[in-house]
Amino acid sequence: MSDSPQSPGSPPMVSAAGADPFPVPKPRSVAFGAPFAWLALGWADMRATRFAGTFYGVVFALMGLAITTIYQTKWQLTMGLTAGFFLMGPFICCGIYWLSRQRARGEAVSLMESLTCWRRNPGGVGFFAAIVTFAMIVWARVSVVIFALFSTRDFPTLQGVLTQIFALTNLPFVAVWFGVGFVFASLVFAVSVVSAPLMLDRNTDTMVSIFASVRALWMNPGPLYLWAALIVAIIGGSLVFGMFALVLTAPLVGHATWHAYRDLIAD
């Protein structure tokens, strides 16, 4: 028996046998030097949007300053504050992605609209934020255990940890801390390379976005580990030279991440 005719303008009919209930967007291969182009495009977005993204940079800077201040006076509250930082991070970054998305679509740039853009996919972005926050909490606990096992100091204050790392007075601690930290950082980076922009732009499911992100890293290990190194250098340098450098560097990385997503994930 032949299939029933399909009316013009209706969506294409897909057989149940060939349907993919969880379609994962296909990543593309990119050139090794692509991250530098992403940064250049991110800077172009910042200028074209009249630096509207610096609003989110100010938020990041104030949150980082709050964590530093609390750590020096009431370290017991630092874990909760840091967890809140990671929990809110994807929501804040979505605003930066939205500004780039508005420009890419030829729409009027609206900072007010970007403030609530996460409502386009609240469940997906919220679940992703919870995953990242959980990973941060696990790493923080593991880091304290490593410090307790290998450190020659008492309570792991921030100054004590930095002293152990940069003074190189306890090489076993440095080797284990960096080794375990690299594993955790790689896992978080793998699931977050393009996840948040993908969820925001195409309203995809959290796990589908994570799978697409992992596949993108699998196909482009060289360019994406270069991208990770550039992020560490830019954001880490901002933390070294003062929190308020994040006012510019955080939105720059955010805008560039949007272009990384557009370059890595096929339409």
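Residues numbered from 1 in each chain as written. Predicted model: local features only at pLDDT ≥ 70, side-chain atom pairs only at ≥ 80, totals over all residues. Heavy atoms only, no water.

### Points about the overall build of the protein
Next up, step 1: The helix and strand tally for the protein stands at 11 helices and zero strands.
Next up, step 2: Taken from N to C terminus, the helices and strands of the protein fall in the order α-α-α-α-α-α-α-α-α-α-α.
Next up, step 3: Taking all 267 residues of the protein together, the buried fraction comes to 42%.
Next up, step 4: When contacts within the protein are restricted to residue pairs at least 6 apart in sequence, those whose partners lie at least 24 apart make up 73%.
Next up, step 5: Summing over all exposed atoms, the protein offers an accessible surface of approximately 14,600 Å²; the carbon and sulfur share of this is 70%. (Helix = DSSP H or I, 4+ residues; strand = E, 2+ residues; numbered from the N terminus. Buried < 20%, exposed > 50% of the residue type's maximum accessible area, 1.4 Å probe, protein only. Contact = heavy atoms within 4.5 Å. Areas by Shrake-Rupley, 256 points an atom, 1.4 Å probe, with all protein chains shown as cover.)

### What about the nonpolar core?
Across soluble globular proteins, nonpolar side chains show a tendency to be buried alongside one another.
Next up, step 1: Membership of the largest hydrophobic core comes to 52 residues, with the highest contact counts inside it found for W38, L39, F189, L224, W227, L264 and I265.
Next up, step 2: Looking at this core element by element, the count peaks at 10 residues for helix α11 (residues 246–264).
Next up, step 3: If we ignore the near neighbours within four places in the chain, the residues touching L39 are W227, L230, I234, L252 and A256. (Core = buried A, V, L, I, M, F, W, Y, C linked by side-chain atoms within 4.5 Å.)

### Examining the confidence of the model for the protein
Next up, step 1: With 75% of its residues at a pLDDT of at least 70, the protein reaches an overall mean of 80.
Next up, step 2: Low pLDDT (under 50) marks residues 1–20, which in the prediction has four contacts with non-local residues, meaning those over four places away or in another chain. (pLDDT = per-residue confidence, 0-100.)

### Comments concerning the packing of aromatic side chains
Next up, step 1: Tallied over the full model, the rule gives six aromatic pairs.
Next up, step 2: Ring centres 6.4 Å apart and planes at 40 degrees place the aromatic pair F189 and Y225 in the tilted group. On the criterion of sequence distance, the pair formed by F189 in helix α7 (residues 171–192) and Y225 in helix α10 (residues 221–241) is long-range, its members being 36 residues apart.
Next up, step 3: With relative accessibility at 14%, the residue F189 sits in the buried group.
Next up, step 4: Through a chain of ring-to-ring contacts, the aromatic side chains of F182, F189 and Y225 assemble into a single cluster. (Phe/Tyr/Trp six-rings, centres within 6.5 Å; stacked < 30°, edge-to-face > 60°.)

### Here we look at the state of the cysteines
Next up, step 1: Within this structure, the stated rule accounts for zero disulfides.
Next up, step 2: Considering cysteine sulfurs only, C94 is the nearest to C93, which forms no disulfide, with 7.5 Å between them.
Next up, step 3: Of the cysteine sulfurs around C94, a residue in no disulfide, the closest is that of C117, at 5.3 Å. (Disulfide = S-S within 2.5 Å.)

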